[in-house]
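Here is what each chain is made of, one letter per residue.
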Amino acid sequence: MPGLLTINLNDLVFFGRHGVYEEEKIVGNEFEINLAVSFVPDENIISDIDHTINYETIYVLLKKEMEQPSLLLETLVTRITENLHKGFPQIKKISISVHKLHPPIESFRGKVGVKYDKEF
């Protein structure tokens, strides 16, 4: 069985206007994304960028998705997953987490988030 190659993008921080409260839509928030995409490479040894998934392209897609407001983080992670797979059909597995770094909860310290894993 061929091995899976996984590309990770970790601790990415984006500004977005995701949330159910009006204040979140106006003021916005910072979000942290951790993403892993796995695929079966066409070759045993990859020596050409065209034979892998370019992480810069993934980053651009994430940035674009973060600019599209969502009421729920669950909507955001499932939408990102589907659009990544649409753009890179060779992906076999995606694991993504999104954390809201400053949730609008009085006296709350920490971050909240969701994680989504999907195999294709």
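Preceding this section is the structure that the text describes.
Computed from a predicted model, the values in this text were never measured in an experiment.

Peer 1: Would you take a moment to explain the overall build of the protein for this structure?
Peer 2: If you tally the helices and strands in the protein, you get 3 helices and 4 strands. Listed N to C, the secondary structure of the protein is β-α-β-α-α-β-β in terms of helices and strands. Taken over the C-alpha atoms alone, the protein extends approximately 50 × 20 × 20 Å along its principal axes. Taken as a whole, the protein presents about 7,500 Å² of accessible surface, with 52% of it coming from carbon and sulfur. With 13 positive and 18 negative side-chain charges, the protein shows a spacing of 4 Å between the two charge centroids.

Peer 1: When you look at the environment of I105 in this model, what are you seeing that I'm missing?
Peer 2: As for its placement among the helices and strands, I105 is situated in the loop between β3 (91-100) and β4 (112-119). Taking the relative accessible area as the measure of exposure, I105 reaches 46% and is therefore partly exposed. Sequence separation between I105 and T52 is 53 residues, and the spatial gap between their C-alpha atoms is 41 Å.

Peer 1: Explain unusual backbone geometry here, please?
Peer 2: Trans is the common state for peptide bonds, and a negative phi is the common state for residues other than glycine. Residues other than glycine seldom take positive phi values, yet D11 does so here, at roughly 60°. Mapped onto the elements of the fold, D11 is located in strand β1 (residues 5-16). Residues other than glycine seldom take positive phi values, yet S107 does so here, at roughly 60°. Residue position: S107 is located in the loop between β3 and β4. Using a relative accessible area of 73% as the deciding quantity, one classes S107 as exposed.

Peer 1: Looking at this structure, I do not really get the side chain of S97. What am I missing?
Peer 2: Structurally, S97 is set in strand β3. For S97, the residues in contact, after removing those within four places along its chain, are E32, I33, N34, V114 and K115.

Peer 1: Would you mind showing me how to read a negative patch on the surface here?
Peer 2: A cluster of acidic side chains, namely D42, E43, D48 and D50, defines a negative patch on the protein surface. Note on placement: D48 falls in the loop between β2 (29-39) and α2 (55-66). Relative accessible area serves as the criterion here: at 33%, D48 is assigned to the partly exposed category.

About the cut-offs
- Residues numbered from 1 in each chain as written.
- Predicted model: local features only at pLDDT ≥ 70, side-chain atom pairs only at ≥ 80, totals over all residues.
- Heavy atoms only, no water.
- Helix = DSSP H or I, 4+ residues; strand = E, 2+ residues; numbered from the N terminus.
- Areas by Shrake-Rupley, 256 points an atom, 1.4 Å probe, with all protein chains shown as cover.
- Lys, Arg positive; Asp, Glu negative; His and termini not counted.
- Charge placed at Lys NZ, Arg CZ, Asp CG, Glu CD.
- Buried < 20%, exposed > 50% of the residue type's maximum accessible area, 1.4 Å probe, protein only.
- Contact = heavy atoms within 4.5 Å.
- Patch = residues over 30% accessible without salt bridge, like charges linked within 9 Å, V, L, I, M, F, W, Y side chains within 5 Å.
- Salt bridge = Lys/Arg side-chain N within 4 Å of Asp/Glu carboxyl O.

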